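Take a look at the letters that make up each chain.
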Amino acid sequence: MRLTLLDWAAILVYLLISLLLGLYFRRRSAASTEEYFVSGRRVSWWLAGTSMVATTFAADTPLVVAGLVYTQGIAGNWLWWSALPSGMLTVFLFARLWHRSGLLTDVQFAELRYAGRPAALLRGFRALYLGLLMNCLILGWVTKAMTQIVAVSIGVDESIALAVCIFILIPLTGLYASLGGLWGVLWTDLFQFVLMMTIIVLVAFFAVNAVGGMPALLDKLEASRIVAGSSASDVTAFFPDFSRGLTGEARWTLPLLTFIVFLTVQWWAAWYPGAEPGGGGYVAQRIFATRSERDGLLSVLWFNLAHYAIRPWPWILVGLAAVVLYPGLDRSESSYMLVATQHLPPALRGLLIAGFLAAFMSTVATHLNWGSSYLVSDFYRRFIRTDAAESHYVNVGRLVTFLLVVATGIVSWKLISIREGWKFVLEVGAGTGGVYLLRWYWWRINAWSEISAMATALFVSLALRWTQPFSGPEFLVFAKNALVTTGVTTLVWVAATLVTPPEPAGVLVNFYRRVRPDVTGWGSVALAAPDVPPTRDLAPNLLSWLLGCAMVYSALFGIGNLCFGRYSAAAAFLALFALTALLLLRRLPPRQ
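Per chain, residue numbering runs from 1 following the sequence as it is written. Side-chain atom pairs in this predicted model are given and counted only at pLDDT of 80 or more, local residue features only at pLDDT of at least 70, and totals for whole chains, interfaces and linings cover all residues. Only hydrogens and water are set aside when side-chain values are computed; all heavy atoms of the structure are taken into account.

(A) Summary view of the packing of helix 1 (residues 5-24) against helix 10 (residues 158-211). All axes are obtained by fitting lines to C-alpha atoms, using only the stretch in contact for helices, and the reported angles, taken between N-to-C directions, cover 0 to 180 degrees. Each helix is a run of DSSP H or I of at least 4 residues and each strand a run of E of at least 2, with the numbering of both proceeding from the N terminus. Closest axis-to-axis distance for the helix 1/helix 10 pair is 7 Å, and the angle between their directions is 125°. In terms of axis orientation, helix 1 runs oblique to helix 10. Of the two possible hands of crossing, helix 1 and helix 10 adopt the one that is right-handed. For the pair formed by helix 1 and helix 10, the contact residues are Tyr14, Leu15, Ile17, Ser18, Leu19, Leu21, Gly22 and Leu23 on the first element and Leu172, Leu175, Tyr176, Leu179, Gly180, Gly184, Trp187, Thr188, Phe191, Gln192 and Leu195 on the second. Residue polarity is assigned by list, with Asp, Glu, Lys and Arg as charged and Ala, Val, Leu, Ile, Met, Phe, Trp, Tyr, Cys and Pro as nonpolar; anything else, Gly included, falls into the polar class. Class assignment of the residues belonging to the contact of helix 1 with helix 10 gives a composition of 13 nonpolar, six polar and no charged. Small angles under 35 degrees read as roughly parallel and large ones over 145 as roughly antiparallel, with 65 to 115 read as roughly perpendicular and the rest as oblique. With the far helix as reference, a near helix turned anticlockwise by less than a right angle produces a left-handed crossing, and one turned clockwise produces a right-handed crossing. Note on contacts: a residue pair qualifies if any of its non-hydrogen atoms lie within 4.5 Å across the two residues.

(B) Examining unusual backbone geometry more closely. Of note in this structure, glutamine 468 is not a glycine but carries a positive phi near 50°. Relative to the helices and strands, glutamine 468 is located in the loop between helix 21 (447-467) and helix 22 (474-499). We call a residue buried when its accessible area falls under 20% of the maximum for its residue type, exposed when it is over 50%, and partly exposed in between, using a 1.4 Å probe and counting protein chains only. The exposure class of glutamine 468 is exposed, given its relative accessible area of 60%. With a phi close to 55°, arginine 516 is a non-glycine residue in the positive phi region. Secondary-structure assignment places arginine 516 in the loop between helix 23 (505-515) and helix 24 (523-527).

(C) Main features of the packing of helix 4 (residues 45-56) against helix 10. Across the interface, helix 4 lies against helix 10 with an axial gap of 8 Å and an inter-helix angle of 60°. Judged by the inter-axis angle, helix 4 sits oblique to helix 10. Note on packing geometry: the crossing formed by helix 4 with helix 10 is left-handed. Residues Trp46, Leu47, Ala48, Thr50, Ser51, Val53, Ala54 and Thr55 of helix 4 form the contact with helix 10, whose participating residues are Leu186, Trp187, Asp189, Leu190, Phe193 and Met196. Looking at the contact of helix 4 with helix 10 residue by residue, the class counts come to 10 nonpolar, three polar and one charged.

(D) The arrangement of the environment of asparagine 135 in detail. For asparagine 135, the position within the fold is in helix 9 (residues 116-154). In this structure the C-alpha to C-alpha distance between asparagine 135 and alanine 407, which are 272 residues apart in sequence, comes to 9.8 Å. Excluding anything up to four places from it in sequence, asparagine 135 contacts Leu130, His367, Trp370, Gly371 and Leu404.

Here you go:
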């Protein structure tokens, strides 16, 4: 794809706007670490929520989603659609608790909830594990995706494209992220989200048009299924092909066992950025930054609605068009860029590149700011230099941001594929979710619960990768590995909890006073704090959780059916969406 002078002008204008936003917020972010990392806790819900959506709108996501559709059909998206229940738990059971904690990072939770050396060990370990290891792995696969995009866009070898990402794009992102702090990241995310949504809708429109319109696309997909015979399922089906049994495999569907594991185990058992059981990571950071409990809750609610229901369909339509336009691709993840570069009008190619730059830089900016907050606040300031001035820690944060850029380039160079990165993160977090949920609602959870869960999940997942005891289709092996890791990890952390002593009463009472969780799992602790009015909101919040899941899934399927011209089904799902949304609005906490 050859870029014209106008294309380069559009790209440069985008980069200039992003840099100017970082410079604009430089003075405000430098005031303190609270301003730098959580925007002085004055952010509105719509800005915080949109920033979360933009962060998950990475350069890799369109490629992976289109690739999933190309190989597993629409049903392949249950790999990540299944995480919605976890996201909704964060909305209704955890967002207000996170906000009440008043923390700067979610890793600080360790020394709020637990005591002594185990708590300090957990905080330091999580700061390095999440801020360095997992953060660089995530940034690595995002950079790998952008490398493929740059290579296709300007017609260079992937090694040169990687150099462009490492030495130009990531440092530029690190510059505005380090200058503007979270304020700069939030407002740049808003600008980038609008740009990204515009371009993916345009790509989807021209992709469907290239096939001859939606009716022609559906006819040709059906014809492809008929030609493939019994070896293929309906690529447009929202659910797996249940007629093939638990482990039956076919083109354009998921094995039923994999779907069951995704929907019944993975969402609560596995840690994944943006869908952490109980919240955490940059989701918690955005909650900390909001100005009230209501804003914190609404920010995560808006994030889940936009992330799961509104944004996926343009990517899915491109994946379906690629099935018709480019049958037999060896690299399914290349399908999106093939469609985008060959069927988008030449006049829009500069906007296409700017849109992918926005997707890439939004995610990189958040992860650089989030990762440096762990490494500075939870490791350097906690264990190395405890009494320096605020300006010192802000400068160290900027230095750490640069070091993360270097580490990201190394990981990206070594990573095999984008999907491999997704799967590895899910595997090493399998089984840890249960303790992240219960630590808020059961007083008996202690620091060793978390330590044993993280260590066991990492050990078991790496052992399974090394020994490879299971064989078969990729997603089926993944499901079996997830079940084994979750089972072993859960047994270990439950046993560790029961054989180690509980946290000191004073620490538990202080946590209960500050966070005010539902009293059901804190009975004995609540008795020691009779001045704290007991909170009894678990049952109502679980009902809101169910309504929230129904709302988002009905919006997801309603929009999908609308795209395919199935108007009766679309009307039914959208009516359910409207009903559940109305019920939820009546249950939201009042304005403060």
